Amino acid sequence: MEELKHRGKKREERHKDTWDPFQLNPIGAEKERKRRCFQLAQSLVAIIVGLAVLASAVVAKGSLLVLSTLSSPTSFRSPKEKQFYMLMLVFCLVCPNFLVFIKSLWRCAFKSFVKPNMRTMFLICGIECLVSLGTSVLVLIVMPQFDVLTNLFISGGVCIVSSVLQILFRLQRDTWRIVFPICSLVFIIAGYILLGVDYYVRVTSFVEKHNTDCFIYVGLGIFSSLLVSLCWWENPLQATNSMQDMLSELDRFRDFVFVISSILRIIVIGAVYLLYHILIAKSIVWSDFNLEKKDGDLLQIGLVLFFLQAFCSAACHWFGVVACKIHAVRMSFALPVCCTGPTVLLVGLILFLTRAQELAGTQQGNIFEFCDGLVFLSKKNTTPVVLLEITRSICQTSLNNHYKQWPFSTLALEGVCMWSGFVTCTYYVWKIKVQRIERTSQLFVRRLYESAFIDLSLLLNTKMKVVRARNQESHDEIQNCVIYLCATMWHETYDEMLKILTSMFRLDRYRGHPKEEHKDCFDFECHIYVDDSFVTDKDSGKRLVNTYVDDLIHVVIEVYRVFTNKEPDDVSILETPYGGRLMFVMPEGNMLYIHLKDKALIRNKKRWSQIMYLYYLLGWKGYTAKNPQKMICHNNTKRLSLISLGGETFYVPQYDNDNKRKFISDDNTYILALDGDTDFHPKAVILLVDRLRMYDNVGAACGRIHPTGMGPMVWYQKFEYAVGHWLQKTAEHVFGSVLCSPGCFSLFRGSALMDDNVVKRYTTTATRASEYVQYDQGEDRWLCTLLLQQGWRVEYNAASDAYTNSPQEFKEFYNQRRRWGPSTLANTLDLLHSGPETVKRNTSISRLYILYQMFTVGSSILGPASVTLMIAGAFQFVFQIPGTLSIIIAVIPPVFYIIVCFLAKPNMQITIGAIMSVLYAFLMTASLFSIIGDMVIQGTFLTPTGIFLVSMTIMYMVTALLHPEEFGMIVYGLMYFICIPSGYLLLTIYSLVNMHIVSWGTRESNKGAGEVKKNHNMLCDKSCKLCCWDMKIQITQETENLMIQQITGQISQQAPITITSQEEIQHTSAKVDSQFTPASTKEEAVEGATEQLTDKQRTEATQVNDMDSIVSDDSISKKGISQCTSDEDDYDEDDDDFLTDDLKDREVLPVSDWVEPVKEEFLKKLTYANMKRNLQEQIRYSLRKQDEDVCEELVSMLTDRLNGELSGAGPEDVLTSSQVEELQYALTEQARRILKTNRMGKLEPRVKRAIEKTLTAPQVQKLEESENDFWNKLLERYLKPIVDTKAHQDDVTRELKSLRNKAVFLYFIVNVLWVVATFFLQAIGNDVISINIPKYYPNGTESGESLKVEPLSLMFLLSFAVLLFIQFLAMLYHRIYTLIHVVSYRSTEKDYIERDDEDDDGLTLENQNANGIAVTYDDF
């Protein structure tokens, strides 16, 4: 209710100044805030992870101690039991090595294999063998000889080598911190000394089970601890400059080294176990390994302890990694791990005190009687084995010393020293800085963990970053980056434009002013590239912007007004060689550029827009950044913002990203590709940036695309997109690399796009049939294919959400997929064809992944046959038709539709396809209920069909539950199911048969009826057919006059004759720019058009033909010569573009016809209502940190003065330049007097600047000469409109049809073979060739009957099920790491601050490039 009142109050204020106070309020325009639920969830996750780390570490350490105690020679267990428990200890040591072996082998097979350096590999393997030897001796030989408390304490000595290396290399950032490793070394040495003293007292005091052999085991324990401490030698060295070459080299083939070293470690563990227990202890009796039924308790205890130790140590390692990645290093990682040892001791003490009464029969008089009584309990089966043995082990300490018990204090002091040495050695973990998202290799040095010392292993393995921070004082390793948001527009509606502009302004608000530091360390610019922006007015012949551009301008003004409550401050209009450009300064100071493309000057369609901005942003701007002397110089002081140098304020260009680009590498330059209707939030962009920052080999990353709209087609697409992202994209991400990063929302790395054979190859003009399909029908997928082939990885982030409009009509949907289907197949086959070379270059793509893609491609090719057989099954279920007859009936509709697609026009094909889709939907609905009914009749779902249906339902339900924000998508699953025949059978047929049509197919005639004026005085309007061409000829009165003028030698404005195909007339009747010049050949048309151009009509007439109008097998549309008919020169290249501060002295530039109407739209800023609102907002912003009373007084007085000066002006009247000058002078003088009265004259420049910005009119600027030259050369080299001859078009049409025929034949043969094979298996009969499967009821009882299934169908069903199951596992893996990323993002999410929270002096901004230069306001 409060919000409604607030909006109403603001509306009333607007209503006082204008009769049109109403405005839009786009969804998402409100300021984003941190949600408390997310903060609570983040804290809850951190607490849960911390408890998981502590619990798993305690259980893992405790299980190992219990196993070593049970296998001790001094325990009460039998030799057979001791032998079995010792074997479990061996398995505990082998388990982590086996896991690392499997993971490294997986990475070598699925990722990449790099041939190792043999010298480095031998060194690493040698160290690993020594570590394994130390671990085996300590755990398998020494620890069974010691008591449980000594075993708990002695492990702390494994950090001694790390302490020594920290001292030697002085790895501390602060000199005084060297105290920590020195203390650690002292504590550890003291602990070893106390260990020796303790056992010396035990031996000399004749404590039970102690003799001089104990000294040997003490020495072995110390020696083996030293060997184990070699495990983490790499951590101190990687933090220094020592051995950097070897370590960098090791990173490349670490996976293969781990494969070899894991095998060697397992061999060493087995060798130590066998050598000691066979040759020395002679305790192994091979027959005792044959366990009998009476050994059930032994087997149960041993296996439970083994699984607890193995599982909990692995879980502790994983949860430790998660704790670091979610930025809970102290609370959820360092603290739980450091407390593991004390917690184990505390838990053991609590268990002993609470369960001591279960040791019935013991004497409770004193410790000696208690320990003596344990001997009698060992004979009773009711005694808890573990508790008994732990108690027995404690009784072997000095507590059971009859002569002196003070040595027990040395044992306690030993534990304190060892624990203190461990904590002080790893002090750096408490101060470690973690980026938002870090790779595990950036957090931990080794992938391998030591399960016997899990707590020490985690902390000692945490990578030291103390020295690295010395060179990077801020942000640790985060590099500044620049993001270019590039949206391509093609006939978007007003609402669609509103979405993309709102998203850009949200990002502007999130980023803040470019001068401000930001947690995410990024700057950005927004670029919108509008295709087909101009239209020739038929009455005047002028070249003007069309209504789509008008809508875009209105959207920009409206969104600016919503976000700031005022009009755009700084607007510039430029003419360019490709059309025009509009420049805006967004509310926070970031830049928005709108590039208007004239298809008569530059190539149309999305791929060419992408090439346009790639060369401009990466090529031209990158070149000027690397050559500062080429930097564009902006001389317009109206475009300057205030920045401080040496305490003085002066003006510098407001759009200075080009200057910042000098300090940003191409690796940290990103392109965010967008569609003109994409809706996104800043979070989505930052999550994609994180992916590229984390992995240097990631060339692109895409987010989760959500289709929007209403209707059955949208419902189908919602579930289709959901399943595609949930399963397919996650599987590609996990097993290899994503094959397609959609152009509607994808982030690309600049250096990846600039790589060899990427952008350069992307500029290739399609000349052959296969190129038209691969290059122009799915440009996003082709670009990703080029990246993959060059060795770059493409990733998917499920938490990066973006929303885009999807086709709502059946026809638009089929036309869209007609482009996507063949393009997807062509690019995938291209990647598979270059598979061996791609595997060598790309570390993310392996031969197994290529096989996976081959399997998926094969499944998609067999899709039509599979759907046909499914429909045959539906006939069989619903109508009880025999199997062979049902197959024949099911084949008839697809064959009929193939014939229709070959003979009928595309519109008729789609109409018939829609009718058949509805009929198929009814059949699928009946089939679904029939299957369910059949399961009810049979009394079981344990049939192949039933199991498949139920398992798929459960899998999709679980998948939806794991995506809680998208769980509602499951509702559309039924729509998806009944539309399977339409989507996988009819659509496939339509796409293949119409493969030769390479038009865009969507948004062809979205709007434009208002643009095309009715043709009066039509003299000729005829349609005719010439060979295979459908032609339409229109001759108007103006055209006849033009012909007469040409005959008489007169030259006037051209009125074109339109020649189009009959098919295109239907699409372009609402577009004024689809006009063509009559000529017998294209060359004559070009000559004729060029001869008519005056000196002022300097734009070269070209023909626009991208082969995007081939629309049927019998006809191909032609786009003729489209000419730009400007009445004036664009500009003189030699003119200076300097615009003075004085409006009356401003140089007048020659402009084209379209400039003035656009300028008039922005001049509405100078109406009374807008100026009043703008002035108030500008003054409040300029004086936001000053006295509020003075600010409001100034606002009130200036508003009154404005009212007085414009008392005779209407609310919608635009002021003239002279009126603006007079008003500016009056307001400035009024402000000076008010400030002087309040003794605040120092604020005068600030207020003057606010008044200037309020009254600044849109500026018409001239493009810099150097940039103008760049665009001319780029157009000439890559983007000049394509001029194709009719002969070439005929050849392409023939090739496209030939390619279509080959593809249809291939699909037809493969699918027919599959259907025929199934048909003959049905015809032969289930009794001859079938697999008998026993029939079971849901309760597990066998019915006695059997189900007969054809082997071919069962094989396909199983293979499809296996594929889905693999994708499901990949989804689980991906969801976990998506959750980690989201939690880590929420912990570092920017807090939105109000303007009043900024620096006190709003005019003084820090310039990090200042060199003591100071320029004051007076200098201007």
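*Asks:* When you look at the overall build of the chain in this model, what are you seeing that I'm missing?
*Replies:* For the chain, the count of helices and strands is 50 helices and 22 strands. Relative to its 1420 residues, the chain shows a buried fraction of 58%. Within the chain, contacts between residues at least 6 apart in sequence are counted, and of these 79% link residues at least 24 apart. Surface accessibility of the chain: about 60,200 Å² in total, with carbon and sulfur atoms responsible for 60%.

*Asks:* So what exactly am I meant to see when it comes to a nonpolar patch on the surface here?
*Replies:* On the surface, Phe1305, Phe1308, Ile1309, Val1312, Leu1313, Val1316, Phe1320 and Ile1324 cluster together into a nonpolar patch covering about 730 Å² of accessible area. Mapping Phe1320 onto the fold places it in helix 49 (residues 1286-1324). Among the residues examined, Phe1320 registers a relative accessible area of 49% and is labelled partly exposed.

*Asks:* Please explain the sheet that holds strand 6 (residues 579-585) as it appears in this structure.
*Replies:* Adjacent strands of a sheet form backbone hydrogen bonds with each other and so pair up, either parallel or antiparallel. One open sheet accounts for eleven strands, arranged 11-14-12-13-10-1-2-7-6-5-20; its pairing is mixed. Edge positions in the open sheet fall to strand 11 (679-680) and strand 20 (1259-1262), since each of these has one partner strand only. As paired strands, strand 1 (residues 481-489) and strand 10 (residues 669-675) are joined by seven bridges and run parallel to one another. Counted as the bridge partner of Thr488 is Asp675 from strand 10. Strands strand 1, strand 2 (522-530), strand 7 (591-597), strand 10, strand 11, strand 12 (698-708) and strand 14 (793-805) of the sheet are contacted by helix 21 (residues 494-511), whose axis makes an angle of about 165° with strand 2.

*Asks:* Would you mind going over unusual backbone geometry with me for this structure?
*Replies:* Excluding glycine, residues mostly have negative phi values, and the peptide bonds linking residues are mostly trans. Of note, the phi angle at His327 is positive, near 65°, even though the residue is not glycine. With a phi close to 55°, Asp532 is a non-glycine residue in the positive phi region. Mapped onto the secondary structure, Asp532 falls in the loop between strand 2 and strand 3 (534-536).

*Asks:* I keep staring at the side chain of Ser63 and nothing clicks. Help me out?
*Replies:* Following the sequence through the fold, Ser63 ends up in helix 2 (residues 36-70). For Ser63, a relative accessible area of 4% gives the class buried. Excluding residues within four positions of it along the chain, Ser63 makes contact with Leu305, Leu308 and Gln309.

*Asks:* Sorry if this is basic, but what is going on with the nonpolar core here?
*Replies:* In terms of nonpolar packing, the biggest core is built from 131 residues, with Ile671, Leu753, Tyr814, Tyr897 and Leu1279 touching the most fellow members. Non-local contacts of Tyr897, meaning those with residues more than four positions away in its chain, are made with Tyr814, Gln909, Ile910, Ile912, Gly913, Met916, Leu986, Ile989 and Tyr990. Grouped together as the second largest cluster of nonpolar side chains are 110 residues, Met88, Val148, Val158 and Val268 included.

*Asks:* What should I look at first to understand the pairing of strand 20 in this one?
*Replies:* Walk down a regular strand and you will see the side chains alternate between the two sheet faces. Residue alternation in strand 20 divides its side chains into two sets, Gln1259 and Gln1261 and Val1260 and Lys1262, and both sets are buried. As paired strands, strand 5 (residues 571-576) and strand 20 are joined by four bridges and run parallel to one another. Residue Leu574 lies in a different strand from strand 20, and its bridge partner there is Gln1261.

*Asks:* Help me understand the packing of helix 26 (residues 712-735) against helix 31 (residues 810-833) in this model?
*Replies:* Describing two packed helices takes the angle between their axes plus the distance from one axis to the other. In contact at an axis separation of 10 Å, helix 26 and helix 31 are set at 35° when each is read in the N-to-C sense. For the pair helix 26 and helix 31, contact is made by Met713, Tyr716, Gln717, Glu720 and Tyr721 and by Phe810, Phe813, Gln816, Arg817 and Trp820, respectively. When grouped by side-chain class, the residues that make up the contact of helix 26 with helix 31 number six nonpolar, two polar and two charged.

*Asks:* What is the right way to look at the pattern of salt bridges in this model?
*Replies:* Oppositely charged side chains may form a pair once their charged atoms are brought near each other. Evaluation of the coordinates by the stated rule reveals 39 salt bridges. Here Arg704 makes a salt bridge to Glu966, at a shortest N to O gap of 2.7 Å. Residue Arg704 is located in strand 12, and its partner Glu966 is located in the loop between helix 37 (944-961) and helix 38 (973-978); the two are separated by 262 residues in the primary sequence. There is no split in this pair, since Arg704 and Glu966 are both buried.

*Asks:* How should I be thinking about the packing of helix 4 (residues 118-142) against helix 11 (residues 254-280) in this particular structure?
*Replies:* Look at helix 4 against helix 11: their axes get within 8 Å of each other, and the N-to-C directions meet at 35°. At the point where helix 4 passes helix 11, the crossing takes the right-handed sense. The segment helix 4 lies against helix 11, with Met121, Ile124, Cys125, Glu128, Cys129, Val131, Ser132, Leu133, Ser136, Val137, Leu140 and Ile141 engaging Phe256, Val257, Ile260, Ser261, Leu264, Arg265, Val268, Ile269, Val272, Tyr273, Tyr276 and His277. Considered class by class, the residues forming the contact of helix 4 with helix 11 number 18 nonpolar, four polar and two charged.

*Asks:* Looking at this model, I keep getting lost on the confidence of the model for the chain. Mind explaining?
*Replies:* When pLDDT is averaged across the chain, the result is 78; 75% of the residues are at 70 or more. Contacts from residues 466-476, a stretch scored under 50 in pLDDT, to residues over four places away or in other chains number 20 contacts. Low pLDDT, under 50, characterises residues 1025-1031; the predicted model gives this stretch 24 contacts beyond four residues in sequence or across chains.

*Asks:* I'm lost on the packing of aromatic side chains in this one. Help?
*Replies:* According to the stated counting rule, one finds 40 aromatic pairs in the structure shown. A centroid spacing of 3.8 Å and a plane angle of 15° characterise the contact between Tyr775 and Trp782, whose relative ring orientation is stacked. A relative accessible area of 4% means that Tyr775 is categorised as buried. Owing to a relative accessible area of 0%, Trp782 belongs among the buried residues under this scheme. Here the aromatic rings of Tyr976 and Tyr984 are separated by 6.4 Å at their centres, their planes lie at 85°, and the arrangement is edge-to-face. Residue Tyr976 is classed as buried on the basis of its relative accessible area, which comes to 12%. The class of Tyr984 is partly exposed, set by a relative accessible area of 35%. Taken together, the ring pairs connect Tyr716, Phe719, Phe810, Phe813, Tyr814, Tyr956, Tyr976, Tyr984 and Tyr990 into an aromatic cluster. A cation sits over an aromatic face here: Arg607 above Tyr762, 5.8 Å from the ring centre.

*Asks:* In this structure, what is going on with helix 13 (residues 329-338)? I would like to understand it.
*Replies:* Note on helix geometry: an α-helix contains 3.6 residues per turn, so any two residues three or four positions apart are oriented the same way. With seven of ten residues buried, helix 13 is to be regarded as a mostly interior element. Val329, Ser332, Phe333, Ala334, Pro336, Val337 and Cys338 are the residues of helix 13 that are buried.

*Asks:* Looking at this structure, I do not really get the environment of Glu1205. What am I missing?
*Replies:* By the element assignment, Glu1205 lies in helix 45 (residues 1188-1205). Owing to a relative accessible area of 37%, Glu1205 belongs among the partly exposed residues under this scheme. In this structure the C-alpha to C-alpha distance between Glu1205 and Glu1222, which are 17 residues apart in sequence, comes to 8.9 Å. Contacts of Glu1205, omitting those with residues within four sequence positions, involve Leu1223 and Ala1226.

*Asks:* How should I be thinking about the pairing of strand 5 in this particular structure?
*Replies:* Buried residues dominate strand 5, accounting for six of its six residues. Residues Val571, Ile573 and Glu575 of strand 5 are buried on one face, and the alternating residues Ser572, Leu574 and Thr576, pointing to the opposite face, are buried as well. Inspection of the sheet shows strand 5 paired to strand 6 by six bridges, in the antiparallel sense. Directly across from Ser572, in strand 6, lies its bridge partner Met583.

*Asks:* I would appreciate a short explanation of the side chain of Asn842 in the present structure.
*Replies:* Mapped onto the secondary structure, Asn842 falls in the loop between helix 32 (835-841) and helix 33 (847-861). Within the structure, the side chain of Asn842 is placed 2.8 Å from the backbone oxygen of Trp792, a separation counted as a polar contact.

*Asks:* For this particular structure, what's the right way to read the environment of Trp715?
*Replies:* Residue position: Trp715 is located in helix 26. Separated by 260 residues in the primary sequence, Trp715 and Met975 place their C-alpha atoms 7.0 Å from one another. Apart from residues lying up to four places away in sequence, Trp715 is in contact with Tyr972 and Met975.

Parameters at a glance
Residues numbered from 1 in each chain as written. Predicted model: local features only at pLDDT ≥ 70, side-chain atom pairs only at ≥ 80, totals over all residues. Heavy atoms only, no water. Helix = DSSP H or I, 4+ residues; strand = E, 2+ residues; numbered from the N terminus. Buried < 20%, exposed > 50% of the residue type's maximum accessible area, 1.4 Å probe, protein only. Contact = heavy atoms within 4.5 Å. Areas by Shrake-Rupley, 256 points an atom, 1.4 Å probe, with all protein chains shown as cover. Patch = residues over 30% accessible without salt bridge, like charges linked within 9 Å, V, L, I, M, F, W, Y side chains within 5 Å. Salt bridge = Lys/Arg side-chain N within 4 Å of Asp/Glu carboxyl O. Pairing = 2+ DSSP bridges. Axes fitted to C-alpha atoms, helices over the stretch in contact; angles between N-to-C directions. Core = buried A, V, L, I, M, F, W, Y, C linked by side-chain atoms within 4.5 Å. Nonpolar A, V, L, I, M, F, W, Y, C, P; charged D, E, K, R; others polar. Left-handed = near helix turned anticlockwise from the far one by under 90°. pLDDT = per-residue confidence, 0-100. Phe/Tyr/Trp six-rings, centres within 6.5 Å; stacked < 30°, edge-to-face > 60°. Lys NZ or Arg CZ within 6 Å of the ring centre and 35° of its normal. Polar contact = N/O pair within 3.5 Å; in protein donor to acceptor, adjacent residues only side chain to side chain.

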